Amino acid sequence: MSENRTPTVHTLMSNAESKKYQASCHCQLIRYNVTLSPGLDDPDSWVVECNCSICSRNGYLNVYVQTECIEFETIGLESELVEKYRFGKQRVQHYFCSRCGSSIMAESIEPGFYEGVKALNVRMFKDVDLKTLQRREVDGRSL
Ligand SMILES: [Zn+2]
């Protein structure tokens, strides 16, 4: 296992073998596909468990991807049916379903700060056994 604690940002340019995941909120209003390279079952893959005030409440288990790794099937983040939430320094916008409340993803809205990167909650992914994922704690509270 890699000692590097900086989360991988998945891109479509990676040489690693990629895997495609179906994801959705609980009520299926928001459905999307995500390509990860490598996939979550790769021995070097891990998910982020962050201690910030919102991740600890919502139980986010995150992977980071370039926006190009996501294909929306139903509605996109700009839809008024997707709720947006910001707090504190207002750098990060969180998205959740207006109907079922599932917390699906977050992204930086501050230019130059993780621009073009989204944090995806892998709890929305279909057919992923959360117990098998390697988790790493990240100190998001101090960001
Ligand atoms: Zn929903």
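The model shown is predicted, which means the values in this text are computed figures rather than measured ones.

**Here we look at the nonpolar core**
Buried together is how nonpolar side chains tend to be arranged in soluble globular proteins. Residues V34 and I104 are the most contacted members of the largest nonpolar core, which totals 27 residues. Secondary structure elements with two or more residues in this core: strand 2 (19-24), strand 3 (31-36), strand 4 (47-50), strand 5 (62-66), strand 8 (92-97), strand 9 (103-108) and strand 10 (117-121). In terms of residue count, strand 8 provides more of this core than any other element does, 4 residues in total.

**Description of the pairing of strand 5**
With 2 bridges joining them, strand 1 (residues 9-10) and strand 5 adopt parallel strand pairing. In the strand pairing of strand 5, H10 is matched with V65. Across 5 bridges, strand 5 lies against strand 10 in antiparallel orientation. By the bridge assignment, V63 is partnered in strand 10 with L120.

**Some remarks on the sheet that holds strand 2**
One open sheet holds the 3 strands; their spatial order is 2-3-6, and the pairing between them is antiparallel. Of all strands in the sheet, those bounded by a partner on one side alone are strand 2 and strand 6 (70-72). The average angle at which neighbouring strand axes cross in this sheet is 20 degrees, direction not considered. Two strands pair when backbone bridges link them, and strand 3 and strand 6 are joined in this way by 3 bridges, in the antiparallel orientation. By the bridge assignment for strand 6, N33 is matched with E71.

**A short note on unusual backbone geometry**
Backbone torsion omega between S37 and P38 reads -5 degrees, so that peptide bond is classified as cis. Its location among the elements puts P38 in the loop between strand 3 and strand 4. Even without being glycine, Q90 reaches a positive phi, approximately 65 degrees. Here Q90 lies in the loop between strand 7 (82-85) and strand 8. Exposure remark for Q90: the 9 C-beta atoms within 10 Å place this residue in the exposed category. Of note, Y114 is a non-glycine position whose phi angle comes to about 50 degrees, a positive value. In this structure, Y114 sits in the loop between strand 9 and strand 10. We classify Y114 as partly exposed; it has 17 C-beta atoms within 10 Å.

**Notes on the pairing of strand 7**
Alignment of strand 7 against strand 8, held across 4 bridges, turns out to be antiparallel. Paired with V82 across the strands is C97, a residue of strand 8. Counted between consecutive antiparallel strands, the loop separating strand 7 from strand 8 contains 6 residues, among which G88 sits at a positive phi close to 55 degrees.

Cut-offs and rules
Residues numbered from 1 in each chain as written. Predicted model: local features only at pLDDT ≥ 70, side-chain atom pairs only at ≥ 80, totals over all residues. Core = buried A, V, L, I, M, F, W, Y, C linked by C-beta atoms within 7 Å. Buried ≥ 20, exposed ≤ 12 C-beta atoms within 10 Å, placed from the backbone. Helix = DSSP H or I, 4+ residues; strand = E, 2+ residues; numbered from the N terminus. Pairing = 2+ DSSP bridges. Axes fitted to C-alpha atoms, helices over the stretch in contact; angles between N-to-C directions.

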